[in-house]
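The primary structure of each chain is shown beneath.
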Amino acid sequence: MIQERIAALRARMAEEKVDAYLVPTDDFHASEYVGDYFKCRKYITGFTGSAGTAVIMQDMAGLWTDGRYFIQAAAQLDGSGVTLFKIGEPQVPTVHEFLEQKLDAGMCLGYDGRTVSSEEAAQLSSLLDKKGASIRYDLDLIGDIWKDRPPLSCEPVMELDVKWTGETRASKIGRIRRSVEEKGADLFVLTLLDDIAWLLNIRGGDIHCCPVVLSYLVMSADEILLFANEQAFPDEVKLALKADGVRICPYNDVYRYVSEIPAGRKVLLCREKVNSRLTASIPEGVTVLNQKNPTLLAKAVKNPTEVENERIAHIKDGVALTKFIYWLKTNVGKLPMTELSVEEKLFAFRQEQEHFMGNSFDPIISYGAHAAMNHYSATPETDIPIEAKGLLLADTGGHYLEGTTDTTRTIAMGPLTDEQKLYFTAVLRGTLRLADAKFRYGTTGLNLDYLARSPLWELGKDFNHGTGHGVGYFLNVHEGPNSFNWKTTSTRKADTVFEEGMITSDEPGYYVEDGYGIRHENMIVCVKDKKTEFGQFMRFEHLTMVPFDLDAIVPEQMSEPERKLLNRYHAQVYEKIAPHLNEEEAAWLKTATREI
């Protein structure tokens, strides 16, 4: 089927005289995860991961993806005729390097400009101009051949009360408007869906597991235009938005609107995030101020209400996960279990929690060799039984009105090898070390990442993904700009200074292809520590409250300070979670959090 789709695309390319066609993962809003309507890259390659770019030519088809998906992509592309390009591996060209090599004078690159950022479009233009090649950015060729393409999503919109957000919509609008004015701009164009949802205190369901609303936003000095599907908005939400100066306009009218901005006006936007068709629609006489969205940092720094709500959300989630781990360990080998059946069981435990709004991403329940695939999700075709041996990796999260969670626990289902215990303990030591960091204000994720990797690096091992990402408040589970990573690229940066209120994941791992996978993940919040003559010092506090599996730990491998860190954390888990468990579960947790 994939080969037939590629053949149909190549036929359309020939008709349009396009020699290479670029198919990113993005929707029109630079979203990490996209709705069904936008899954063109999945449609044309069969690869289902959340990150990747396809290039189709008449004599080749390629997919570029990162280390999280190497194993998964190789399996899904097998037999499709699509070649896997492993990003970051030696001798593997980037997408841009590949296009520069393949496109000569007189040749043409095509893409849908709504799915390629303004910044990348400029880079491609500069690259291909030197080769004498041209670009067509007005082509949705996948849409031309996708006969049963799903419609654009139009899920109901809800308003999030100030008791959850900690700040009114009017206050947020005022803050951002002042920032826009200080930058000398007349208009602010915002296209990131989670930023729009945060600014307007609204949530929706237009992307699976991401409670956002398909929309564009333009802010002026006296009003906000929200380009969206009005049918998704209940009357009470429309009235509340109108009272705060927000007017709803048809979703696709944003391109006409920006094309009519009067000459001499100054527009603030982020070219890295705004799609190239939108910026190409802005008249030449308009000045574009290319800067980071002022909503980015404002959204990442959670206010005291949000942080306290998140503590509540993580206790609720901790109860669900603790019940789940107890159920797994008590019943493995006695009841039939598969990856999908235990996924359903965990969802049921979360559903018991008040204000649970759904999963924050598709659960990663991976047993045995499946756990070596960082972002594996079971399907009916891949589902396997869980036995009373080896390791089960559960990377899952929930949305609550009190916030968003993302937790990974690797669980011993029975006997383990010495090797598995060695690396289980090494990864855990990294998790604990990073969470215990004390650092001077001004420190970034580049500075701190070593703490998490050092136990593995000492063994000559590593993991091929970032160590941590920001997390939204009842929003996207992956949120910038805060992160932990030992290296930075043009698309992945860990150079943001940690601020009080930032919530970040702490998730080192270790993976053996065709063997097993290990990851431990806690959410940690940045708080102020002491202030000295050297300035303000910062630290982290655990939000996640779920036991680590002592059955897989080698205590002798840990230093005394590391054992104290684990014992102190487990004491917190027992104190906060035990009151919400039944007698048998609480007794098990007492043992599961015993001092080592």
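Before reading on, note that the structure itself is shown above.
About the criteria used
- Residues numbered from 1 in each chain as written.
- Predicted model: local features only at pLDDT ≥ 70, side-chain atom pairs only at ≥ 80, totals over all residues.
- Heavy atoms only, no water.
- Helix = DSSP H or I, 4+ residues; strand = E, 2+ residues; numbered from the N terminus.
- Rg over C-alpha atoms; globule rule 2.2 N^0.38 Å.
- Buried < 20%, exposed > 50% of the residue type's maximum accessible area, 1.4 Å probe, protein only.
- Contact = heavy atoms within 4.5 Å.
- Areas by Shrake-Rupley, 256 points an atom, 1.4 Å probe, with all protein chains shown as cover.
- Lys, Arg positive; Asp, Glu negative; His and termini not counted.
- Charge placed at Lys NZ, Arg CZ, Asp CG, Glu CD.
- Salt bridge = Lys/Arg side-chain N within 4 Å of Asp/Glu carboxyl O.
- Axes fitted to C-alpha atoms, helices over the stretch in contact; angles between N-to-C directions.
- Parallel < 35°, antiparallel > 145°, perpendicular 65-115°, else oblique.
- Left-handed = near helix turned anticlockwise from the far one by under 90°.
- Nonpolar A, V, L, I, M, F, W, Y, C, P; charged D, E, K, R; others polar.
- Phe/Tyr/Trp six-rings, centres within 6.5 Å; stacked < 30°, edge-to-face > 60°.
- Lys NZ or Arg CZ within 6 Å of the ring centre and 35° of its normal.
- Polar contact = N/O pair within 3.5 Å; in protein donor to acceptor, adjacent residues only side chain to side chain.
- Pairing = 2+ DSSP bridges.

Engineer: Looking at this structure, I do not really get the overall build of the protein. What am I missing?
Structural biologist: On a plain count of helices and strands, the protein comes out with 19 helices and 28 strands. The C-alpha radius of gyration of the protein comes to 25 Å, within 12% of the 25 Å expected for a compact globule of 596 residues. Across its three principal directions, the C-alpha atoms of the protein cover 70 × 55 × 50 Å. Going through the 596 residues of the protein one by one, you find that 57% of them count as buried. Residue pairs in contact within the protein that sit at least 24 positions apart in sequence constitute 69% of those at least 6 positions apart. Accessible area for the protein stands at about 24300 Å²; split by element, carbon and sulfur atoms hold 50% of it. Side chains of the protein give 66 positive and 87 negative charges; the mean places of these two sets differ by 3 Å.

Engineer: Sorry if this is basic, but what is going on with the pattern of salt bridges here?
Structural biologist: Close approach of charged atoms lets side chains of opposite charge pair. Using the criterion set out here, one finds 43 salt bridges in the structure. Between Glu585 and Lys323 there is a salt bridge whose closest N-O contact spans 2.9 Å. A residue pair is termed long-range when its members are at least 10 positions apart, and Glu585 in helix 19 (residues 583-592) and Lys323 in helix 14 (residues 304-331) qualify at 262 residues. Lys323 carries the same exposure label as Glu585, and that label is buried. Glu562 is paired through a salt bridge with Arg429; the nearest N and O atoms lie 3.0 Å apart.

Engineer: I would appreciate a short explanation of the packing of helix 4 (residues 95-102) against helix 5 (residues 118-131) in the present structure.
Structural biologist: Relative placement of two packed helices is described by the angle separating their axes and the distance separating the axes. Interaxial distance between helix 4 and helix 5 falls to 10 Å at its minimum, and their mutual angle equals 25°. By the angle between their directions, the pair helix 4 and helix 5 is classed as roughly parallel. Between helix 4 and helix 5 lies a crossing whose hand is right-handed. Where helix 4 approaches helix 5, its residues His96, Leu99, Glu100 and Gln101 are matched on the opposing element by Glu120, Gln123, Leu124, Leu127, Leu128 and Lys131. Taken together, the residues of the contact of helix 4 with helix 5 sort by class into four nonpolar, three polar and three charged.

Engineer: Explain the packing of aromatic side chains to me, please; I cannot follow it from the model alone.
Structural biologist: A ring pair, where both rings are aromatic, is described by two values, the distance of the centres and the angle of the planes. The final tally for this structure, using the stated rule, is 23 aromatic pairs. Seen in terms of ring centroids, Tyr423 and Tyr510 are 4.1 Å apart; in terms of plane orientation they differ by 25°. Their pairing is stacked. With Tyr423 in helix 16 (residues 418-435) and Tyr510 in strand 25 (residues 509-512), this residue pair connects regions lying 87 residues apart in the sequence. With a centroid separation of 5.6 Å and an interplanar angle of 85°, the aromatic rings of Phe498 and Phe540 are classed as edge-to-face. Taken together, the positions of Phe498 in the loop between strand 23 (479-484) and strand 24 (503-506) and Phe540 in strand 28 (residues 535-542) put the pair 42 residues apart, joining distant regions of the chain. Across the pair, Phe540 and Phe498 agree in class, each one buried. Its end group placed over the ring of Phe548, Arg409 keeps NZ or CZ at 3.8 Å from the ring centre.

Engineer: What should I look at first to understand the environment of Tyr516 in this one?
Structural biologist: For Tyr516, the location among the structural elements is in strand 26 (residues 516-519). Residues Tyr516 and Met373, spaced 143 residues apart in sequence, show a C-alpha to C-alpha distance of 8.8 Å. Sequence-distant contacts of Tyr516, defined by excluding residues within four places in its chain, comprise Gly368, Ala369, Ala371, Ala372, Leu391, Glu419, Gln420, Tyr423, Tyr510 and Tyr511. Of note is the side chain of Tyr516, whose polar atom sits 2.7 Å from the side chain of Glu419.

Engineer: What's the story with the pairing of strand 10 (residues 215-219) in this structure? I'm lost.
Structural biologist: Strand residues, when the strand is regular, have side chains that alternate between the two faces of the sheet. Among the five residues of strand 10, five are classified as buried, and the element is accordingly described as predominantly covered. Of the two faces of strand 10, the one carrying Ser215, Leu217 and Met219 and the one carrying Tyr216 and Val218 are both buried. The sheet contact formed by strand 8 (residues 187-190) and strand 10 spans three bridges and is antiparallel. Bridging across to strand 10, Val189 finds its partner in Val218. Judged from the five bridges that link them, strand 10 and strand 11 (residues 224-228) form a sheet pairing that is antiparallel. Looking at the pairing, Ser215 lines up with Ala228 of strand 11. Hairpin connection from strand 10 to strand 11: four residues lie between these consecutive antiparallel strands.

Engineer: Quick question: what am I supposed to make of the sheet that holds strand 15 (residues 356-359) here?
Structural biologist: Either a parallel or an antiparallel arrangement is found when strands of a sheet pair, and the pairing is made through backbone hydrogen bonds. Spatially, the three strands line up as an open sheet ordered 15-18-19, and their pairing is antiparallel. Every other strand in the sheet has two partners, leaving strand 15 and strand 19 (403-404) as the edge strands with one partner each. Here strand 18 (residues 398-400) pairs with strand 19 via two bridges, running antiparallel. From the neighbouring strand, His399 faces strand 19, where its bridge partner is Thr404. With respect to the sheet, helix 15 (residues 339-351) is in contact with strand 15 and strand 18, its orientation differing from that of strand 15 by roughly 160°.

Engineer: So what exactly am I meant to see when it comes to the sheet that holds strand 4 (residues 83-86) here?
Structural biologist: Spatially, the six strands line up as an open sheet ordered 4-3-2-1-5-6, and their pairing is mixed. Bordering the open sheet on either side are strand 4 and strand 6 (134-136), each of which pairs with just one other strand. Pairs of neighbouring strands in the sheet enclose a mean axial angle of 25°, with direction left out of account. Pairing geometry for strand 3 (residues 61-65) and strand 4, over four bridges, is parallel. Following the sheet pairing, Gly62 is matched in strand 4 by Thr83. Sitting on the sheet, helix 3 (residues 70-77) touches strand 3 and strand 4, and the angle it makes with strand 4 is about 170°. Against the sheet, helix 4 contacts strand 1 (20-23), strand 2 (53-57), strand 3, strand 4 and strand 5 (108-110), and its axis sits at roughly 10° relative to strand 2.

This is a description of form; function is not addressed.
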